[in-house]
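# Report on the structure
Read off the chains here:
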Amino acid sequence: MTKIIELCVKEKVYKTKKTSTSILSDFKLDVESGETIAIVGKSGVGKSSLLNILGLLDRQYNGTYCLFGEKTNDLNLNHLAEWRNEKIGFVLQESALIDSLTIEENIKLPLLYAKSKSDGISTNFEDIITKIDIKSILKKKPLECSGGEKSRAVFARAVIMRPSLILCDEPTASLDNDNKENILFLLSKMNKEYNATIITVTHDIEVANRHQRIIQLEREE
């Protein structure tokens, strides 16, 4: 197997006017292509911060990060944006949908910025929206949808490009059992059929146990 992630964080510091908080001190993570990993731990230990670093959204830390065999410190802003659109899928707690666009337009947004349209995207789109049951809301705007519907739309947008790395932040938190199973099924399908690497932050031990490896983050003293 090919190593897709080599991360070494010496320290990540959050500063306010009065305090300074250190997280992820001396944290190392190596991930093979096609692995599925769950990140668990109490609030405030750095789970979401770790996802932001892995997804190239946060580069303000002391350490090194090699992704897809390249040192991320050497990448320019255009290269980073390209990777975030085509190679990395984000399933975030915050819906991050654009209110002026329909659900369908939101889901297909990555296609507008892709340098090359991947083969089978139309089939992929139909498969995803059917499995997670959002055909009926495609023409609606996000403000017309429930929290669960928006969560499913965010998931569809995250996987539409069949990314090599999918980063999930509590992807099933607002879903009922049926839709939770649908999301977990699609994540498993992306992993098995397209060798997508899955990293999921979750408080749900059942969701965590669906992954090959569980990493427990501890609060720093």
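Structural data are supplied above this passage.
Everything numeric here is computed off the predicted structure, so don't read it as measured data.

## A short note on the overall build of the chain
- If you tally the helices and strands in the chain, you get eight helices and ten strands.
- Compactness check: the chain gives a C-alpha radius of gyration of 17 Å against a globular reference of 17 Å for 221 residues, within 12% of the reference.
- C-alpha extents for the chain along the principal axes are approximately 50 × 40 × 35 Å.
- Pairs at least 24 residues apart make up 74% of the contacts formed inside the chain by residues separated by at least 6 positions.
- In the chain, which carries 31 positive and 32 negative side-chain charges, the distance between the mean positions of the two groups comes to 3 Å.

## Focus: helix 7 (residues 177–194)
- Over its 18 residues, helix 7 extends 25 Å from the first C-alpha to the last, a length consistent with the 26 Å expected when each residue adds 1.5 Å.
- When we look at burial in helix 7, the residues that qualify are Asn 179, Lys 180, Asn 182, Ile 183, Leu 184, Leu 186, Leu 187, Met 190 and Asn 191.
- One side-chain oxygen of the residue at the start of helix 7 lies 3.3 Å from the amide nitrogen of Asp 178, identifying that residue as Asp 176.
- Phi turns positive, to about 60°, at Asn 195, one or two residues after helix 7.

## Here's the deal with the sheet that holds strand 7 (residues 88–91)
- Strand order in the open sheet formed by five strands is 7-8-9-4-10, and the pairing between neighbours is parallel. Each edge of the open sheet is held by one strand with a lone partner, namely strand 7 and strand 10 (213–216). Recorded for the sheet is a direction-independent mean angle of 15° between the axes of neighbouring strands.
- Inspection of the sheet shows strand 7 paired to strand 8 (residues 165–169) by four bridges, in the parallel sense. When the sheet's bridge partners are listed, Ile 88 is paired in strand 8 with Leu 165.
- Contacting strand 4 (36–40), strand 8 and strand 9 (197–201), helix 7 runs over the sheet at an angle of about 160° to strand 8.

## With respect to the packing of aromatic side chains
- In the structure shown here, the tally under the stated rule is one aromatic pair.
- Judged by centre distance (5.0 Å) and plane angle (85°), the ring pair of Phe 68 and Trp 83 falls under edge-to-face. Placement of the pair is Phe 68 in the loop between strand 5 (62–67) and strand 6 (70–71) and Trp 83 in helix 2 (residues 77–86), with a sequence separation of 15 residues.
- In this arrangement the basic side chain of Lys 87 is found over the ring face of Phe 68, its NZ or CZ atom lying 5.0 Å from the centre.

## As for unusual backbone geometry
- If you check the backbone angles, Leu 56 has positive phi at about 65° while not being a glycine.
- Given a relative accessible area of 3%, Leu 56 falls into the buried group.
- The phi angle at Arg 162 is positive, at roughly 50°, despite the residue not being glycine.
- Residue placement: Arg 162 occurs in the loop between helix 6 (147–159) and strand 8.
- Judged by its relative accessible area of 26%, Arg 162 is partly exposed.

Calculation notes
Residues numbered from 1 in each chain as written. Predicted model: local features only at pLDDT ≥ 70, side-chain atom pairs only at ≥ 80, totals over all residues. Heavy atoms only, no water. Helix = DSSP H or I, 4+ residues; strand = E, 2+ residues; numbered from the N terminus. Rg over C-alpha atoms; globule rule 2.2 N^0.38 Å. Contact = heavy atoms within 4.5 Å. Lys, Arg positive; Asp, Glu negative; His and termini not counted. Charge placed at Lys NZ, Arg CZ, Asp CG, Glu CD. Expected span 1.5 Å × (residues − 1). Buried < 20%, exposed > 50% of the residue type's maximum accessible area, 1.4 Å probe, protein only. Polar contact = N/O pair within 3.5 Å; in protein donor to acceptor, adjacent residues only side chain to side chain. Pairing = 2+ DSSP bridges. Axes fitted to C-alpha atoms, helices over the stretch in contact; angles between N-to-C directions. Phe/Tyr/Trp six-rings, centres within 6.5 Å; stacked < 30°, edge-to-face > 60°. Lys NZ or Arg CZ within 6 Å of the ring centre and 35° of its normal.

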